[in-house]
Structure formats: structure tokens, C-alpha cells
Amino acid sequence: ETKKYLGIKHDDLKLSVNAIRVLERRYLLKGENGNPVETPSEMFERVANSVSSIDKRYGYNPYDSKAEFYRMMSNLEFLPNSPTLMNAGTELGQLSACFVLPVEDSMKDIFEALTNMSLIHKSGGGTGFSFSKLRPNGDIVKSTKGVASGPVSFMSIFDQATEVIKQGGKRRGANMGILRIDHPDIIEFINSKEKEGYLDNFNISVGVTDEFMKAVQSDSKYDLINPRTGKTTEKLRARDIFDLITTMAWRTGDPGMIFLDEINRRHPVSHVRTIESTNPCGEVPLLPYESCNLGSINLSKMVKNDTINWEKLKNNTHSGIHFLDNVIDANKYPLNEIDRETKNNRKIGLGVMGLAEMFAKLNIPYNSEEAIETAENIMKFINEESVKKSVELGEKRGSFPNFKGSQWEKKYSSMRNATVNTIAPTGTISIIANTSSGIEPIFALSFVRNVMATQLLEVNPVFENVAKERNFYSKDLMMDISKTGSIQNLKQVPKDVRDLFVTSLDIDPEWHVRMQAAFQKYVDNSVSKTVNLPEKATLDDVKRIYMMAYKLNCKGITIYRYGSKENQVLELGGLK
Ligand code: CDP
């Protein structure tokens, strides 16, 4: 069966074996017997067709954009987020990856949010929630004269529902849970993921304020406030809570932090409402009922003769913005409120993947000043071109309805989208494009993948080329490398190659944060980045990183210390 779909059309597209496997399992439309009824190129055609057809509504011939959208996807130069690939042109037609739902402080509202979450997960989207409005554990409930159980216990209901739904079998449901630093249940929240397996379908982040971060720096106290009464319940020493957050993050990877004031300062439609939450992986701060469509340019394909091909990058940026703006109209939303709020701001998030592979091709080590500078130049360029395109679309098709009073109005006479850029994790689409994910360093230069009882050795393709060109390639060496993923201790590999091919765990964590900050400077939404730490990293390392992210004006921070969870997504260790 696999063979059947490894036919000519696959070869046309030069897809990797892993890409084909992922597409067959979850992306290609299936018939009644469960077998795919389309090839990957037919999938791209379906998506290009559906998304370009929107041009007709605005009086344009969709023929040109269809060809262009097909070209950039089938060349793996640009890919939209997974739900767009899976659902465009189908009856379900839900195309967004990211949603934020409000959770108000009443039984009816909490369970309404739960129902809405289930509809979104079923359609392939992920959900973020702020639980900050819920009254704390032990607070009074007037109608029943009982006591409230608090945000953390309600979160566990959302978690269990997620477990049961499993996103229509295509994706596991993903959630973000946020609680403000001044909520009376904050300690229970920070500790909530200590037990492995509890709240497994949630990433959690503490929503911190400038006031709190300053209290940490000056070693002073801050107030906990009951959201129901608005009254101070207690004063805590900020450093104690900061220590608790970083200790738990050191132990389990959770919680992260999001910097609420920085997010709202830079929110282009701050006149509409205050942002309290992000989507599951943190890269899109959203208002209640907003959704966002993401797409990523494969930077590894933007290199020609060892330099960046700026013209190609510009074309893909313009087409990417056009594509994502069309997605807003092509989308079938799971709720009327989501349809309305999404179209009021028309937020989109064009970003990048394959950064680390691009650096390798350009001969720039990820942990170098040149890398940081290059990252800033690239993102600045993408942002400027994205805005140009959105202004042009605004002139032709109208500005987003909340444009008046927005930060854009000060600079431009029209703008189609309230936000244009996001750096997504690109967890799956980077596998389809066969490149490094998002802006992350390469995780391992070679590793062993367990596939249905067999173990396959996979070598990073850019590294493999260099190893062959420089004559140090051997199967034995690649096997050796797969034990740690790294070549830093292998003297048989030339020094300049070792310096260039640094992995996620090889580099000082500071470089991770600086790279995130470099992108954040020119990204109007947020940046997905995991600061990967070696197992031996200390608690002070984690504290330093969390503080550094704040000082460098990041919108959030997430770390992961290798080995701190039993079931890790990315595992080293060679053949077992
Ligand atoms: O690569 P892909 O388009 O599949 O997704 P991603 O870039 O790794 O993740 C983008 C967003 O998709 C996440 O922040 C979530 O909002 C959502 N997502 C989800 O709902 N469920 C998953 N299993 C993975 C991602």
C-alpha cells in the first residue's frame, strides 16, 4: 500500500520518506476503506484551488494565484499550518491552528468554554485559555452556599475532555493554560504539572506583569488579588514565587512565563481589548474568540550560491501574505463568535522554518554574532515586505474593521491585517518540508528513528552532504554521532565543520534567548522557541534565562532541560 503512493507524483515533488509517511497517515484525504484518495501533489492542488478561489470575490482572476500558491507549496518553499493542508476544500473546511477562548467565572460559562474547546479540537485546532477570572479555590459560591474549587481543578476537566476527543484522530488536542501571577491560586497552578501525566494536554504559563518582574529585581512583595472581589488577599515575596516558577521549570519544563505588559504594549489593536492569553505553543497572543492562520517560509530554500536570495524571499513573502489573508475568508469557523472576531482583526502569521539549515548553507554557526545579525536582517526584511503587501491588499480589498484607532492607522492609510508575522514551531510542516523546525538549532545531526519495530538511521541532509564532500562520511561514524546527536567530541571531524554544525544542546542557552529576541524585534505576534538545556543545567541557569528573556523584550519564555520528562518528544541515544 505504501508503495502504491510512492508513485511518480511523489517523485515529482521530491518528498522525503518521512514526509510521505506523515502525509499518508494524516493529511491526504481518505476514502471509506481508509486508504488515501489523493496524492501529495493533488493535496497541494486542492489547497491552492480552495484558497485562490477567494480572489474571485474581490474581482480578481484566481488563475494566477492558484498557480503561484501551488508552486510555492509543491516546491516546499512555503507551507500553511496543518489544518489548512488537511481541510482546505473539504466539507469541514476549518483552516486555523490557533484559537483563544474566554473563561468567565460562572458554571455556565466554564462549561460553554469546554464545549467550544471540543468543537475546535475536533476540527484540528488548538486552544488557549486564561483562567485568571475564575474565583480561587475555597472562595464562596452564593447560589449553593458551597465553596469554589478554583482554576486548577477546572483545568483538569479541560485536560480530560481533550484526552477523549483527540482531534478527530488526526492530531492530539493541544492547550495553553494561563494564570496571572496575582491570582490567589498561583502556587497551586505553578506546581500543577509536577505529577507526570497530570494536565498532559496543557502547556502552562504564568502571566507576569512588569510590576512583578520589578518586584523580583528589587526583592519586594506584591499583592494577590481575588478576581471576584478585586480585593487583596495576601502579599507574597516576588523572589519566592520566581524561585518556585524556575524550580518547577527546571524539574518539568513547566510553567513558562508570558510577559503580559510587553504583549499588550505591542498589540496593534490594543484599543479594542486587553490580551490575556496565547495559543497552545505561545506564538500567537489573541483576544477571546480570535483565531489565527499561520504559514511558514522555508529559509533553507532561500539560499543561492551560498548567499540569501532576497528576491525569492520577497516573492514568497508577498504570496504568503496573500495566501494567508485568503485563508481567513476560505475558512469555515467552528463558532459564529470566532467568525466575527477573527474577521474584525484579520490576524495572520507568516513566519519561517529551516533557519538552522539556512545558517549551515551560509556557513554561519548558530551561536555567533553573525547569526544574530543575519536573523535580524531577515526578519526585518520579511516584516517590511509583509506590511507592504498587507497595505496593498488593504487598498484593494479594504482594511480590517478595527483599523480605525489601531497602531497601524498612525502610519498607513490602509492595512488588511492587524498582525502579519509569527514564528510557529512548525512541528509537522517542517517534517513535510524536510528541514529544521522553526528557528530552532538542529537537534541532532544523526539519530535513530523507531518506525514500526525497525530502527532507521537518519542523518541531517545538509551535514551528510558536507561529510561526503569533505571525505569523512562513514556509516559507522554516523552511528556513533547518533548516540549524542553531536560532533563536538569527535576529533575525526574537521574543526570548522564542528564549529558550524552545533546542535541545540551544544550551544550556550544564552544564544537560544538572543535568537528568540532577534526575531521578536520584528515579529508583531510572538515567537515559538524552546530554550533547550543540557541535563546538567542548574537552577541558576534557568533563573538567568527567564530574567534575560524579560530584559531582551521577549513576549514569553519556555525552557526544556533534557531528561526532565520520562516521555520526551526528541530523544537521543543511538540504537537500543
Ligand atoms: O507544523 P504544524 O502546522 O502542524 O503546527 P505547529 O507549527 O507545530 O503548531 C502551530 C500551532 O498549531 C500550535 O501552536 C497549536 O496552536 C496548534 N497545534 C495543535 O492544536 N495540535 C497539535 N497537535 C499541534 C499544533
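Chains are numbered independently. Their residues run from 1 in the order of the written sequence. With the structure being a predicted model, the display of local features is reserved for residues of pLDDT at least 70 and the display and counting of side-chain atom pairs for 80 or more, all residues being used for whole-chain, interface and lining totals.

Draft legend 1. Geometry of the site of the ligand. Taken together, 19 residues lie near the ligand, and Ser 82, Ala 97, Gly 126, Cys 281 and Gly 427 sit nearest. Looking at the shell around the ligand residue by residue, the classes come out as eight nonpolar, eight polar and three charged. Where each domain starts and ends follows an automatic or database-derived domain assignment. Each of domain 1 (2–92 + 314–430) and domain 2 (98–278) contributes no fewer than three residues to the shell around the ligand. Nearness is defined per residue: the C-beta atom, placed using the backbone, must lie within 6 Å of the molecule or strand. Classification convention: Asp, Glu, Lys, Arg as charged; Ala, Val, Leu, Ile, Met, Phe, Trp, Tyr, Cys, Pro as nonpolar; all other residues, Gly among them, as polar.

Draft legend 2. Broad picture of helix α5 (residues 62–74). Secondary structure elements follow DSSP: runs of H or I no shorter than four residues count as helices, runs of E no shorter than two count as strands, and numbering proceeds from the N terminus. Helix span, expected: 1.5 Å multiplied by one less than the number of residues in the helix. Between its first and last C-alpha atoms α5 spans 18 Å; for 13 residues at 1.5 Å apiece the expected length is 18 Å, and the two agree. Partly exposed residues are those falling between the two cut-offs: more than 12 but fewer than 20 other C-beta atoms within 10 Å of their own, whereas 20 or more means buried and 12 or fewer means exposed, with C-beta atoms placed from the backbone. Of the positions making up α5, those classed as buried are Ser 65, Phe 69, Met 72 and Met 73. Buried residues of α5, seen end-on, are gathered within an arc of 95° and therefore sit on one face of the element. Opposite the packed face of α5, turned more than 90 degrees from it, sit the exposed residues Tyr 63, Asp 64 and Ala 67. Picture the helix axis, draw a direction to every C-beta atom, and the arc is the one those directions span.

Draft legend 3. View of the packing of helix α7 (residues 107–122) against helix α8 (residues 150–165). Across the interface, α7 lies against α8 with an axial gap of 10 Å and an inter-helix angle of 25°. Here α8 runs roughly parallel to α7, going by the angle between their axes. For the pair α7 and α8, the crossing hand works out as right-handed. For the pair formed by α7 and α8, the contact residues are Ile 110, Leu 114, Met 117, Ser 118, His 121 and Lys 122 on the first element and Phe 154, Ile 157, Phe 158, Ala 161, Thr 162 and Ile 165 on the second. Its residues assigned to classes, the contact of α7 with α8 comprises eight nonpolar, three polar and one charged. Only the contacting stretch of a helix is used when fitting its axis, a line to C-alpha atoms as for every element, and angles between N-to-C directions run 0 to 180 degrees. By the definition adopted for this analysis, an angle is roughly parallel if under 35 degrees, roughly antiparallel if over 145, roughly perpendicular if from 65 to 115, and oblique otherwise. Helix crossings fall into two classes, left-handed where the near helix is turned counterclockwise from the far one by less than a right angle and right-handed where it is turned clockwise. The contact criterion used here is simple: two residues whose C-beta atoms, placed from the backbone, lie within 7 Å are in contact.

Draft legend 4. Local environment of the packing of helix α13 (residues 310–330) against helix α16 (residues 369–397). Remark: α13 packs on α16, axes separated minimally by 9 Å, with the N-to-C direction vectors making an angle of 45°. Here α16 runs oblique to α13, going by the angle between their axes. As α13 runs across α16, the sense of the crossing is right-handed. Between α13 and α16, the contacting residues are Trp 310, Leu 313, Lys 314, Thr 317, His 318, Ile 321, His 322 and Asp 325 on the first element and Phe 381, Ile 382, Glu 385, Ser 386, Lys 389, Ser 390 and Leu 393 on the second. Taken together, the residues of the contact of α13 with α16 break down into six nonpolar, five polar and four charged.

Draft legend 5. Structural context of unusual backbone geometry. Along the chain, Asp 254 connects to Pro 255 via a cis peptide bond; the corresponding omega equals 0°. Mapped onto the elements, Pro 255 comes out in the loop between α11 (238–252) and β10 (256–259). A positive phi angle, near 55°, is found at Leu 199, a position not held by glycine. For Asn 305, which is not glycine, the phi dihedral falls at a positive 50°. Turning to its location among the elements, Asn 305 is positioned in the loop between β14 (303–304) and β15 (307–308).

Draft legend 6. Region of interest: the confidence of the model for the protein. Across the protein, the average pLDDT comes to 94, with 96% of residues at or above 70. What the predictor reports for the complex is a pTM of 0.96 with an ipTM of 0.95. The pLDDT value tells you how sure the predictor is about a given residue, anywhere from 0 up to 100.

Draft legend 7. How the structure looks around the domain arrangement of the protein. In terms of domains, the protein is made up of domain 1 (2–92 + 314–430), domain 2 (98–278) and domain 3 (444–502). The centre of domain 1, based on its C-alpha atoms, is set 32 Å off from the matching centre of domain 3. When its residues are assigned to classes, the side of domain 1 that touches domain 3 shows three nonpolar, two polar and two charged.

Draft legend 8. Representation of the nonpolar core in the model. Connectivity within a nonpolar core runs through C-beta atoms within 7 Å, and the core itself is a set of buried Ala, Val, Leu, Ile, Met, Phe, Trp, Tyr and Cys residues. Val 51 and Phe 519 are the most contacted members of the largest nonpolar core, which totals 141 residues. If you tally residues by element for this core, the top one is α13, at seven residues. Setting aside anything within four residues of it in sequence, one finds Val 51 in contact with Phe 69, Ala 88, Phe 323, Asn 326, Val 327 and Ala 330. Judged by nonpolar contacts, the second largest core, of six residues, contains Phe 403, Trp 408, Met 415 and Ala 418.

Draft legend 9. Geometry of the environment of Glu 464. Mapped onto the elements, Glu 464 comes out in helix α18 (residues 461–469). The spatial distance from the C-alpha of Glu 464 to the C-alpha of Ser 486 is 13 Å, given a sequence separation of 22 residues. Contacts of Glu 464, omitting those with residues within four sequence positions, involve Val 459 and Tyr 473.

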